Amino acid sequence: FAGFLAQLKLHLLHRSNADPSPGERVEAAISVPANASSSQRFLTLDAFAQAGFEVVALLNEPSAAGFEYAHRYRSTITAKREYVLIYDLGGGTFDASLLKMTGRLNEVVTSEGIRRLGGDDFDDAILKFVRTSAKLRRLDATAHDLLLEECAARKEAVGPNTRRFLVDLSAIDEPPFSCPVDEVYSACAPLVDQTVRVLGRVLRDPARDGGEVDWSEVAGIYVVGGAGSFPLVSRMLRASFGEKRVKRSPHPFAATAIGLAVFLDKEAGYALSERLSRHFGVFREAYAGQDVTFDAILPKGAALPTDDQPPLVVTRRYQAAHNIGHFRFVECSSLRDGRPDGDVTPYDPVLFPFDPDLRHEADLGRRPIDRRDDGPDVEERYVVTSGGAVEVTLMTRPAGVTRTYQLTRHALAGP
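Since the structure is predicted, the reported quantities are computational estimates derived from the model, not experimental observations. (Residues numbered from 1 in each chain as written. Predicted model: local features only at pLDDT ≥ 70, side-chain atom pairs only at ≥ 80, totals over all residues. Heavy atoms only, no water.)

Q: Explain the overall build of the chain to me, using residue names and the numbers behind them.
A: Counting secondary structure elements, the chain contains eight helices and 20 strands. Projected onto its principal axes, the C-alpha coordinates of the chain cover approximately 75 × 55 × 55 Å. The long-range share in the chain, meaning contacts at least 24 apart out of those at least 6 apart in sequence, stands at 66%. When the accessible surface of the chain is split by element, carbon and sulfur atoms take 49% of a total near 20,800 Å². Charge-centre separation for the chain: the mean point of 50 positive side chains lies 4 Å from the mean point of 57 negative side chains. (Helix = DSSP H or I, 4+ residues; strand = E, 2+ residues; numbered from the N terminus. Contact = heavy atoms within 4.5 Å. Areas by Shrake-Rupley, 256 points an atom, 1.4 Å probe, with all protein chains shown as cover. Lys, Arg positive; Asp, Glu negative; His and termini not counted. Charge placed at Lys NZ, Arg CZ, Asp CG, Glu CD.)

Laid out in structure tokens, this is it:
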């Protein structure tokens, strides 16, 4: 990814009409799926930094698209209808965010999503339908890929007035396949149904301050993302929520980029109040080793700082009960009975020397973990940036062992 971005920067410097001065900074505003984990956010930021960009903003994609809506359809926002529901269906992910738009402030109320649902899944559903309907013989890997590519291309060509769906099967030595487009829609409808159910959860989120948002308070549903241009999406949303309340971005593939540009336009004066889209916590031993419990350190929905505010900081202190701290951090989309549920992202374990004699040990994993009654005082300090990435600093007193970790799927220890 960093290599790709380095090439992009090279083209911006030497093959574009941007015409930057020699040595001029190249700034970047970037966006990630709302349900991206802390590690995905960190690695994305790190790749841009490695490529030589200066990242000036990192927004969730539906939040960025919300600025495009505010720029284009501000007149639809009234005192009685301050909410906009962003429906962002991309190639591999689906996000839904409820935004409250007051003046020039876009406040993210809540976000939900499906981390693995998008246009690629529609392609697979269409491929399965075509194989079954055309009674195709068993396909090898090459034929499968050719047919999948053809189905994807035909899906992209479907418009609101398309009546028949035609698939060219000459690449696999089969006659063409044709059917009413409604049959293809039926094959894909269960996928859209999943997204509609997510919209319902967003509107009825019981954990949100103020509880449920009444549909009469919502100015509309704004459809963005490449897969959102598939006509079935708007058709099913309008059937569920009403014809006049569903708007599709005229530039679904570029809505987030346009929104980022609007956000960065200082003269426009837009501001964003963002929130964590996932719970963050750590598993720990309980009852003297008899059980394991989960500590939810950062709750989903916690307000994130803006770029001009200090980062969000959470601190915990306790006395160590072992010679080595074994931290198993996870993020999750929901909690059930206080434990991670739904979409769970585990991180590689972090091993930290509570015993000062082990501070120079190269591989703590080879050491046995022993219980002790005279452990040092421990402080955990969690710092969350405006982009939603989490950094944790562990320290002991009075020994003074301190280590900082950027939480990724492979924990990176600082000095």
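Q: How would you sum up the sheet that holds strand 4 (residues 94-102)? Please name residues and give values.
A: Reading across the sheet, the six strands line up as 9-8-3-4-5-10 and stay open at both edges, with mixed pairing between neighbours. Edge strands, defined here as strands with exactly one partner in the open sheet, are strand 9 (246-248) and strand 10 (271-273). This sheet shows a mean twist of 30° between the axes of neighbouring strands, independent of strand direction. Where strand 3 (residues 83-89) lies against strand 4, seven bridges are found, and the strand directions are antiparallel. For Tyr83, the partnering residue across the bridge sits in strand 4 and is Lys100. (Pairing = 2+ DSSP bridges. Axes fitted to C-alpha atoms, helices over the stretch in contact; angles between N-to-C directions.)

Q: Please set out the environment of Asp88 residue by residue, giving values where relevant.
A: Here Asp88 is to be found in strand 3. Spatially, the C-alpha atom of Asp88 lies 26 Å from that of Arg163, the residues being 75 residues apart in sequence. Once residues lying within four places of it in the same chain are set aside, the contact partners of Asp88 are Glu61, Pro62, Thr93, Phe94, Asp95, Val224 and Gly225.

Q: Just give me the short version of helix 1 (residues 2-14), but keep the residues and values in it.
A: Compared with the 18 Å implied by 1.5 Å per residue over 13 residues, the 18 Å span of helix 1 between its first and last C-alpha is a close match. Every buried residue belonging to helix 1 is among Ala2, Leu5 and Lys9, and all of these are buried. Relative to the axis of helix 1, the buried residues are bounded by an arc of 60° and lie together on one face. Seen from the buried face of helix 1, the exposed residues on the opposite side, beyond 90 degrees, are Phe4 and His14. (Expected span 1.5 Å × (residues − 1). Buried < 20%, exposed > 50% of the residue type's maximum accessible area, 1.4 Å probe, protein only. Arc of directions from axis to C-beta.)

Q: Residues and numbers for the packing of helix 6 (residues 181-203) against helix 7 (residues 231-241), please.
A: For the pair helix 6 and helix 7, interaxial distance at closest approach is 9 Å and the crossing angle is 50°. Classified by the interaxial angle, the pair formed by helix 6 and helix 7 is oblique. Helix-helix and strand crossings are classified by hand; for helix 6 and helix 7 the assignment is right-handed. Judged by residue contacts, Asp182, Tyr185, Cys188, Ala189, Val192, Asp193, Val196, Leu199 and Leu203 of helix 6 engage Pro231, Leu232, Val233, Arg235, Met236, Leu237, Ser240 and Phe241 from helix 7. (Parallel < 35°, antiparallel > 145°, perpendicular 65-115°, else oblique. Left-handed = near helix turned anticlockwise from the far one by under 90°.)

Q: How would you explain the packing of aromatic side chains if you had to name every residue and give the values?
A: One pass over the structure, following the stated rule, counts 19 aromatic pairs. Both rings, one in Phe122 and one in Phe230, keep their centres 5.8 Å apart while their planes meet at 80°; by these two values the pair is edge-to-face. Of this pair, Phe122 sits in helix 4 (residues 119-133) while Phe230 sits in the loop between strand 8 (218-224) and helix 7, and the two are 108 residues apart along the sequence. A relative accessible area of 5% means that Phe230 is categorised as buried. Among the aromatic residues, those joined into a cluster by ring pairs are Phe280, Phe327, Phe329, Phe352, Phe354 and Tyr382. (Phe/Tyr/Trp six-rings, centres within 6.5 Å; stacked < 30°, edge-to-face > 60°.)

Q: Would you mind going over the pairing of strand 17 (residues 377-384) in detail, with residue names and values included?
A: Most of strand 17 sits inside the fold, with six of its eight residues counted as buried. Of the strand pairs in this sheet, strand 13 (residues 312-319) and strand 17 are connected by eight bridges, and their pairing is antiparallel. Looking at the pairing, Thr315 lines up with Arg381 of strand 17. The sheet contact formed by strand 17 and strand 18 (residues 390-397) spans eight bridges and is antiparallel.

Q: Help me get a handle on the pattern of salt bridges, residues and values and all.
A: Applying the stated criterion across every chain yields a total of 24 salt bridges. Two residues, Glu68 and Arg72, come together in a salt bridge whose shortest N-O distance is 2.8 Å. Taken as a pair, Glu68 and Arg72 lie in helix 3 (residues 61-73) at a separation of four residues, close to a single helical turn. A salt bridge links Glu112 to Arg201, with the shortest nitrogen-to-oxygen separation between them at 3.9 Å. Separated by 89 residues along the polypeptide, Glu112 in strand 5 (residues 105-114) and Arg201 in helix 6 bring together distant segments of the chain. (Salt bridge = Lys/Arg side-chain N within 4 Å of Asp/Glu carboxyl O.)

Q: Requested: an account of the side chain of Asn60, with residues and values cited.
A: Take Asn60: it is sitting in strand 2 (residues 54-60). Among the polar contacts listed, one links the side chain of Asn60 to the side chain of Arg41, at a separation of 2.9 Å. Once residues within four sequence positions are removed from consideration, Asn60 is found in contact with Ser31, Val32, Pro33, Ala34, Arg41, Glu274 and Arg275. (Polar contact = N/O pair within 3.5 Å; in protein donor to acceptor, adjacent residues only side chain to side chain.)

Q: A description of the state of the cysteines should follow, citing residues and the corresponding values.
A: Scanning all chains against the criterion turns up zero disulfides. Its sulfur unpaired, Cys188 is 9.9 Å from the next cysteine sulfur, which belongs to Cys151. (Disulfide = S-S within 2.5 Å.)

Q: Tell me about the environment of Glu27, and name the residues and values.
A: Positionally, Glu27 belongs in strand 1 (residues 27-32). For the pair Glu27 and Leu276, spaced 249 residues apart in sequence, the C-alpha to C-alpha distance is 25 Å. Aside from chain neighbours lying at most four places away, what touches Glu27 is Glu54 and Val56. One polar contact links Glu27 to Arg25, side chain to side chain, over a distance of 3.0 Å.

The values are spatial; any link to function lies outside them.
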